[in-house]
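Now for the letters of each chain:
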Amino acid sequence: MSTGSRNIWEAWARSVAPLVRVNTGEPCPDPAATATRLAQAGLADQYMVYEAEGGVWHFAAGSAVSVTADSTAITAQSGGRTWTSRTDRKPLTAFAAALSALRDAGDVGRHFYGWAAFELAHLLHADAATAGDQPLLHALIPSVEVTLTGDRTVVRAVDEAWARKVADLLAKPPAGRTALDEPTPERAEDVIATGTAAYGRAVSRAEDVIATGTAAYGRAVSRTVGDIHAGLLEKAVVSRKVPLPAEPRPDFPATYLAGRRANTPARSYLMDLGGYRAAGFSPETVLEVGAEGGVSTQPLAGTRARGADPAENERRRAELLSDPKEIHEHAVSVRLAWDEMAAVCRPGSVAVEEFMTVRPRGSVQHLASRVTGRLRPDRGPWDAFASLFPAITATGVSKRDALQALARHEDGPRGLYGGAVFRGSTDGDLDAALVLRTLIGAGDEAWLRAGAGVTAQSSPEREIEETCEKLRSVAPYLRFAAD
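Residues numbered from 1 in each chain as written. Predicted model: local features only at pLDDT ≥ 70, side-chain atom pairs only at ≥ 80, totals over all residues. Heavy atoms only, no water.

1. Focus: the overall build of the protein chain
The cut-off we apply is this: Helix numbering and strand numbering both begin at the N terminus, where a helix is a DSSP run of H or I of at least 4 residues and a strand a DSSP run of E of at least 2. The reference for a compact globule is 2.2 Å times residues^0.38; the radius of gyration itself is calculated from the C-alpha atoms. Every residue pair with non-hydrogen atoms within 4.5 Å of one another is taken to be in contact. For every accessible area listed, the method is Shrake-Rupley and the probe measures 1.4 Å; residues are considered covered only by the protein chains on display.
When helices and strands are tallied, the protein chain shows 14 helices and 23 strands. The globule rule puts the C-alpha radius of gyration for 483 residues at 23 Å, and the 22 Å found for the protein chain is close to it. Along the three orthogonal principal directions, the C-alpha set of the protein chain runs to about 55 × 55 × 40 Å. Looking at the protein chain alone, contacts between residues at least 24 apart form 72% of all its contacts between residues at least 6 apart. Looking at the protein chain as shown, the accessible area adds up to about 18800 Å², and 51% of this sits on carbon and sulfur atoms.

Written out as structure tokens, the structure reads:
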């Protein structure tokens, strides 16, 4: 980092107000609903709800302090001022330098919330020209942060005014019924039996939604299989975009609440941040880094549907564990995750845990493994992020060749899909969720997207069905402003 860039970020960091007000309250009986109610309150023009491991929900809001990077420039804002610097095609390096300045300025333990677009991958691993000119990274340093757990509620704010706004909202009882009150248990038959008209409409609408674009997707799968047989790559995770009608508009908070009740995610998130809106139920993490240097990633690859019948789910589980195509797809993903971890971890520290465990994730079940290690002394969380991003289970093998294949065969840039939503701290923690099973919005548009791992053994019919299975984790729970 040049001296000029260092001075810019030092000046920016000094202008960021610390979270000096800390209040601890009673435990929250329904953290998902409470966090979403805070999001709906309109406290600021940017917010994120992030469900971390262990049933902990975080809500963060603000507008004055942020960092945004694209392939050529990075911009930081604070208190009405703006700082800008070149990135020289290394936006992640510049982004990490800006955030590390907060620590150097003494704001230890400060959290930030943000996202990384999938196209960042082209700068890290493939063709820089394919990255485009849109923002690739965005982070919010909140003015207020609320942590909701089973034993307490903690509010941190920059001043008493922010703390009071949140305290008043937390003290106010919920107004009327919410999407969380809707009967959405795991068994779809039980839901239908309640006679809930809204659910019936949602299921019917969902099946219409997920059928969009299947023929074009089948052709993309066939072309990718041809590339694999030609020796251009080993695997690519080809996805399809499912646009939603302009009217009625999707209600992101209500969709999040309804979908979270029916899903079993590794992480979940609800946000309006840096130009994207999202309500998602991530099946896996891109990486988890602790302040002491422990790091892990959680590749999921290999899929079967999961429904209402336990016996049928068990049959599909056994089928998944014995299917050569699914096992091969998973094994190559774990192998590459190992290599990417080894590039930044201490020699001998990388290990595979929970190998080929079957994890339920909403409407599907996956083969899952966890790869762990310890960062080398000269490597930090963003070095690990650079090595592991994007998740191998959202790209393919080799990552470079898969990215080139996706640029050829997919319908335009992915944006947030296949990227990451993250929460980190100036202490060195970084928790990044893979953006899958997500309702995404930008401007006046909203869409879903789903993909499947294409290998030499793939058939268009099976990969189409796999995308439909995954879309059923979100589509039936879409809620609209007119509902």
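Let's pick the thread back up.
2. As for the sheet that holds strand β19 (residues 396-397)
To keep it simple, the criterion reads: Paired strands are those between which DSSP finds at least two bridges. Axes here mean lines fitted to C-alpha atoms, for a helix over just the part in contact, with angles spanning 0 to 180 degrees between N-to-C directions.
Within the open sheet, the 11 strands sit side by side as β1-β10-β9-β3-β2-β12-β13-β22-β23-β11-β19. Their pairing is antiparallel. Among the strands making up the open sheet, the edge pair consists of β1 (21-25) and β19. The sheet contact formed by strand β3 (residues 56-62) and strand β9 (residues 144-148) spans five bridges and is antiparallel. From the neighbouring strand, Ala-60 faces β9, where its bridge partner is Glu-145. Relative to strand β23 (residues 445-454), helix α14 (residues 460-471) is tilted by about 135 degrees, and along the sheet it contacts β11 (235-243) and β23.

3. Looking at α14
Here is the rule we go by: Multiplying 1.5 Å by the residue count of a helix minus one yields the expected span of that helix. Only protein chains enter the accessibility calculation, which uses a 1.4 Å probe. A residue is then buried if its area is under 20% of the maximum for its type, exposed if over 50%, and partly exposed in between.
Compared with the 16 Å implied by 1.5 Å per residue over 12 residues, the 17 Å span of α14 between its first and last C-alpha is a close match. Taken residue by residue, α14 has Glu-463, Ile-464, Glu-466, Thr-467, Cys-468, Glu-469, Lys-470 and Leu-471 as its buried positions.

4. Let's talk about the environment of Met-48
With respect to the secondary-structure elements, Met-48 resides in strand β2 (residues 46-52). Those residues in contact with Met-48 that sit more than four places away from it in its chain are His-58, Phe-59, Ala-60, Tyr-113, Gly-114, Leu-270, Met-271, Leu-273, Val-421 and Phe-422.

5. Structural notes on the pattern of salt bridges
Applied cut-off: Within this document, salt bridges are pairs made up of a side-chain nitrogen of Lys or Arg and a carboxyl oxygen of Asp or Glu, the two lying within 4 Å of each other.
Applying the stated criterion to the full structure yields 34 salt bridges. Notably, a salt bridge pairs Glu-329 with Lys-235, separated by 3.4 Å at the nearest N-O pair. Highlighted residues: Glu-329 in helix α11 (residues 324-342) and Lys-235 in strand β11, separated in sequence by 94 residues. Of the two residues, Glu-329 and Lys-235, neither departs from the other in class, the shared state being buried. Between Arg-462 and Glu-466 there is a salt bridge whose closest N-O contact spans 3.7 Å. Of this pair, Arg-462 and Glu-466 both sit in helix α14, four residues apart, roughly one helical turn. Residue classification places Glu-466 among the buried residues on the basis of a relative accessible area of 2%. Overlapping salt bridges, with partners in common, bring together Arg-304, Glu-312, Arg-315, Arg-316, Glu-319, Asp-323 and Glu-326 in one network.

6. Section: the nonpolar core
Heads up, the condition is: By convention a nonpolar core is built from buried Ala, Val, Leu, Ile, Met, Phe, Trp, Tyr and Cys residues, the set being connected through side-chain atoms within 4.5 Å.
Of all hydrophobic cores here, the largest spans 135 residues; its most connected members are Trp-12, Phe-95, Leu-287, Trp-382 and Phe-385. In terms of residue count, the dominant contributor to this core is helix α3 (residues 91-104) (nine residues).

7. Quick notes on unusual backbone geometry
For the peptide bond that leads from Glu-247 to Pro-248, omega is -5 degrees, which places it in the cis range. With respect to the helices and strands, the residue Pro-248 is situated in the loop between β11 and α9 (252-262). In this model, Glu-354 sits at a positive phi of 55 degrees, which is unusual for a non-glycine residue. In this fold, Glu-354 is placed in strand β17 (residues 351-361). At Arg-437, a position not held by glycine, the phi torsion is positive, near 50 degrees.

8. Regarding α9
Filter applied, for reference: Polar contacts here mean pairs of N or O atoms no more than 3.5 Å apart (in protein, one a potential hydrogen donor and the other a potential acceptor; neighbouring residues in sequence count only if both atoms are side-chain atoms).
The buried fraction of α9 amounts to 10 of the 11 residues, a majority that puts the element mostly inside the structure. Taken together, the buried positions of α9 are occupied by Phe-252, Pro-253, Ala-254, Thr-255, Tyr-256, Leu-257, Ala-258, Gly-259, Arg-260 and Ala-262. Buried residues along α9 sit against α2 (31-40), β2, β3, β12 (267-273), β13 (276-282) and β22 (438-442). In this structure Asp-251 caps α9, since a side-chain oxygen of it lies 3.0 Å from the backbone nitrogen of Ala-254.

9. Here's the deal with the pairing of strand β5 (residues 73-78)
Of the two faces of β5, the one holding Ile-74, Ala-76 and Ser-78 is buried and the one holding Ala-73, Thr-75 and Gln-77 is not buried anywhere. Pairing between strand β4 (residues 66-69) and β5: four bridges, direction antiparallel. Residue pairing for β5: Val-67 is matched across the bridge by Ala-76. Hairpin remark: β4 followed by β5, antiparallel, with three residues in the connecting loop. Note: β5 against strand β6 (residues 81-86), six bridges, orientation antiparallel. Bridge assignment links Ser-78 to a residue of β6, and that residue is Arg-81. The hairpin turn running from β5 into β6, its antiparallel successor, is two residues long, and Gly-79 in that turn takes a positive phi close to 55 degrees.

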